[in-house]
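Results of the structural survey
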Amino acid sequence: MAAGCRALPVALSIALSVSIPVSVSGAWAAGLSGGNPVEASGCPFRAAGEARVVDVVDGDTVVLDDGRQARLVGIQAPKLPLGRKGFVAWPLADEARDRLVRLAAGKRVTLYRGETGQDRHGRELAQLVTQEEKPVWLQAEMLRSGFARVYSFPDNRLCVDRLLAPEKEARARRAGIWALPFYAIRDAARVEELGGLVDSFQLVEGKVKKAALVRGRLYLNFGERYQTDFTVTVPPRQVKLFADREWADLLADRDGEMPVVGKRLRVRGWIDRYNGPEIVVTHPEQVELLSAP
């Protein structure tokens with residue numbers, strides 16, 4: 001699964017009018033008590049300095065007054081071309097940037113690090129919180145207002161689950177991107193549709209039909225024909241990350257079958273093709289269990 005940006009294979013032309021909320025509300029965004037929402041989250045992020053936002057690159061990247069760029073780790077906003085030849089802007093990319101401008105431009109922010117501190121482009125990877133009377137956790141507010149999706153990496157997984165709630169809230173309201181078919185959650189059973197989305201980041205839901213561990217690699221098949229149907233694979237090195245109690249129980253061998261079979265999952269990642277369409281999962285935070293074990 002690639003860590004960088006990828007252009008979607010088919011450009012969608014969508015004419016629409018979008019209302020961008022200006023007010024910030026909810027405990028995720030500011031904390032009704034005026035407290036720092038990242039510190040209140042209970043996550044062991046490390047404070048990594050302060051700076052002023054002097055420019056906004058896109059919906060998940062800002063420029064700081066010391067010249068550094070900071071990537072809002074844990075989310076992915078709609079992508080702008082940013083000089084990439086042939087790259088077509090994703091729907092609502094300009095609106096996502098505008099939203100972040102309203103939230104952050106000219107404001108001082110505190111940076112909080114989780115695991116990896118910089119990406120391969122030299123950008124700071126951090127949770128950003130504005131320094132104002134009611135501090136705003138920028139990642140959570142971009143999600144809550146519907147201008148980003150949760151997006152994580154195996155080396156930056158800390159407290160990703162805390163970001164799922166504001167994404168879910170926006171999706172329930174059909175806010176921002178969630179009103180557009182371009183960002184719809186895909187049905188794992190619609191194999192032909194998924195096959196046309198190779199090299200794009202998607203959320204896919206479906207029921208696991210078969211599961212197997214083959215030479216250390218985990219296969220979750222969402223159809224009866226693994227050669228053509230949608231499959232989730234977990235490489236051998238990453239299988240050990242699924243060792244917490246819930247996943248250990250779901251993936252245990254029970255008389256030749258894993259209890260995860262029959263469970264409904266939501267998986268997020270880049271669509272690839274090996275036989276049928278697949279998503280390679282590198283960490284548990286890419287998978288949500290939608291039905292109780």
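As the structure is a computational prediction, the values presented were derived from the model and not from experiment. (Residues numbered from 1 in each chain as written. Predicted model: local features only at pLDDT ≥ 70, side-chain atom pairs only at ≥ 80, totals over all residues. Heavy atoms only, no water.)

1. Observations regarding the sheet that holds strand S1 (residues 46–58)
The strands making up a sheet are joined through hydrogen bonds of the backbone, oriented either antiparallel or parallel. Heads up, the condition is: Any two strands between which DSSP finds at least two bridges are classified as paired. Helix and strand labels come from DSSP, where a helix needs a run of H or I of at least four residues and a strand needs a run of E of at least two; each type is numbered from the N terminus. For every element, the axis is a line fit to its C-alpha atoms; helices are fit only across the contacting stretch, and the angle between N-to-C directions ranges from 0 to 180 degrees. By the convention used here, residues are in contact when the closest approach between their heavy atoms is within 4.5 Å.
What the five strands build is a closed barrel, ordered S1-S2-S3-S6-S5; its pairing is mixed. Strand-to-strand twist of the sheet, defined as the mean angle between neighbouring strand axes without regard to direction, takes the value 55°. Examined bridge by bridge, strand S2 (residues 61–64) and strand S3 (residues 69–72) share three bridges and lie antiparallel to one another. Along S3, the bridge assignment pairs Val63 with Gln69. Packed on one face of the sheet, helix H2 (residues 93–104) meets S1, S2, S3 and strand S6 (124–130) and runs near 130° to S1.

2. Description of the state of the cysteines
Test applied: The definition used for a disulfide is geometric: two cysteine sulfur atoms within 2.5 Å. Exposure classes here rest on a 1.4 Å probe applied to the protein chains alone. A residue is buried below 20% of its type maximum, exposed above 50%, and partly exposed in between.
Counted under the stated rule, the structure contains one disulfide. Covalently, Cys43 is tied to Cys159 through a disulfide, its sulfur atoms 2.1 Å apart. On the sign convention where negative is left-handed, the bridge of Cys43 and Cys159, at about -120° about the S-S bond, is left-handed. Separated by 116 residues along the polypeptide, Cys43 in the loop between helix H1 (37–40) and S1 and Cys159 in the loop between strand S7 (149–151) and helix H4 (161–173) bring together distant segments of the chain. Of the two residues examined, Cys43 and Cys159, each falls in the buried class.

3. As for H2
Residues spaced three or four apart along an α-helix face the same direction, because each turn holds 3.6 residues. Rule in force here: Here a helix's expected span is defined as the number of its residues, less one, multiplied by 1.5 Å. Here the arc refers to the directions that run from the helix axis out to each C-beta atom.
The end-to-end C-alpha distance of H2, which contains 12 residues, comes to 17 Å, matching closely the 16 Å that a straight helix rising 1.5 Å per residue would cover. Residues Ala93, Ala96, Arg99, Leu100, Leu103 and Ala104 constitute the buried set of H2. Down the axis of H2, the smallest arc covering the buried residues is 120°, so these residues share one side. Elements that come into contact with the buried residues of H2 comprise S1, S2, S3, S6 and helix H3 (138–144). In the stretch just after H2, Gly106 is the one whose phi turns positive, near 80°.

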